[in-house]
Amino acid sequence: NVNSIRVRKELVSSWMQKRGIDILCMQEIKTEENLFPFETFKKIEYTCHAHSRKAYNGVAICSKIPFKSVTKGWPDGEDDEKRIIIGDFEKIKVINVYVPRGGKQGTERHAYKIYFLTKLKFLLEESFNKDEPICIVGDMNVAREEIDVYDPLIMKERIAFMSDEREALNDLLSWGLYDLFREKHPNRQQFTWWDIETAAFSRNQGLRIDYILVTKPLLEKCLKV
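Bear in mind the structure is a predicted one, so any value in this text is a computation, not a measurement.

Draft legend 1. Spatial organisation of the sheet that holds strand β8 (residues 178-179). With mixed pairing, the six strands of this open sheet are ordered in space as β4-β5-β6-β7-β11-β8. Only two strands of the sheet have a single neighbouring strand rather than two, namely β4 (69-72) and β8. In this sheet, strand β11 (residues 210-214) lies alongside β8 in antiparallel orientation, the contact comprising two bridges. Along β11, the bridge assignment pairs Y178 with V214. Along the sheet, helix α3 (residues 108-127) makes contact with β5 (84-88), β6 (93-98) and β7 (134-139), crossing β6 at roughly 170°.

Rendered as structure tokens:
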């Protein structure tokens with residue numbers, strides 16, 4: 001989650017070169033598609049595809065590996081708020097998502113979050129095969145387990161740790177996906193998000209809401225995460 005790629009394009013491109021990244025998925029790029037900094041990444045030999053709009057949401061995939069095809073949004077054409085893009089490569093399919101943050105229980109935004117996760121599972125059931133190498137990566141805005149939040153009592157039934165949100169994410173995994181970080185580190189508490197408004201990073205009061213979810217063929221090939 002880059003929180004505006006135009007602001008952070010030099011930082012991201014520099015990091016990609018240092019790390020030797022093959023495929024990078026970004027969420028919350030917050031820019032119109034035609035204003036995405038394609039040239040910045042082209043200079044370092046990456047091809048990028050973006051699915052985005054001004055100021056809100058937006059997803060992108062940048063790759064050194066050639067794309068076979070790219071699907072922007074839900075394949076059935078339903079509005080996705082610029083939250084999903086699918087890259088098909090020769091040896092892997094990559095689904096990059098930015099799940100809605102949602103809202104309080106009973107609100108329209110909360111219902112949409114549950115719907116989004118449910119529809120994502122339906123997409124897998126209709127269009128993909130769990131015996132193929134498939135990776136879903138992105139900001140899910142849900143912490144799966146108590147170990148994934150800094151304080152389960154404080155976070156109980158709050159946004160990102162509501163029971164039905166967690167159930168929806170775990171139901172998505174039941175299709176045939178594995179939470180790669182948790183598979184490799186079953187007992188490690190490590191976060192991916194901290195509230196910057198309360199300086200939570202300095203106290204390590206965070207949540208693990210970003211994931212790499214993979215099918216079994218990729219799980220078996222994973223060396224480190």
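Draft legend 2. Summary view of the pattern of salt bridges. The full count for this structure, using the stated rule, is 15 salt bridges. With a shortest N-O distance of 3.7 Å, E132 and K93 are connected by a salt bridge. One end of the pair, E132, is in the loop between α3 and β7; the other, K93, is in strand β6, and 39 residues separate them in sequence. Using a relative accessible area of 23% as the deciding quantity, one classes K93 as partly exposed. Here K113 makes a salt bridge to E165, at a shortest N to O gap of 2.9 Å. Taken together, the residues span a long stretch of sequence, with K113 in helix α3 and E165 in helix α5 (residues 163-173) at a distance of 52 residues. Each member of the pair K113 and E165 is classed as buried. One continuous salt-bridge network, built from bridges that share partners, spans R144, E145, D148, D179, R182 and R208.

Cut-offs applied
- Residues numbered from 1 in each chain as written.
- Predicted model: local features only at pLDDT ≥ 70, side-chain atom pairs only at ≥ 80, totals over all residues.
- Heavy atoms only, no water.
- Pairing = 2+ DSSP bridges.
- Helix = DSSP H or I, 4+ residues; strand = E, 2+ residues; numbered from the N terminus.
- Contact = heavy atoms within 4.5 Å.
- Axes fitted to C-alpha atoms, helices over the stretch in contact; angles between N-to-C directions.
- Salt bridge = Lys/Arg side-chain N within 4 Å of Asp/Glu carboxyl O.
- Buried < 20%, exposed > 50% of the residue type's maximum accessible area, 1.4 Å probe, protein only.

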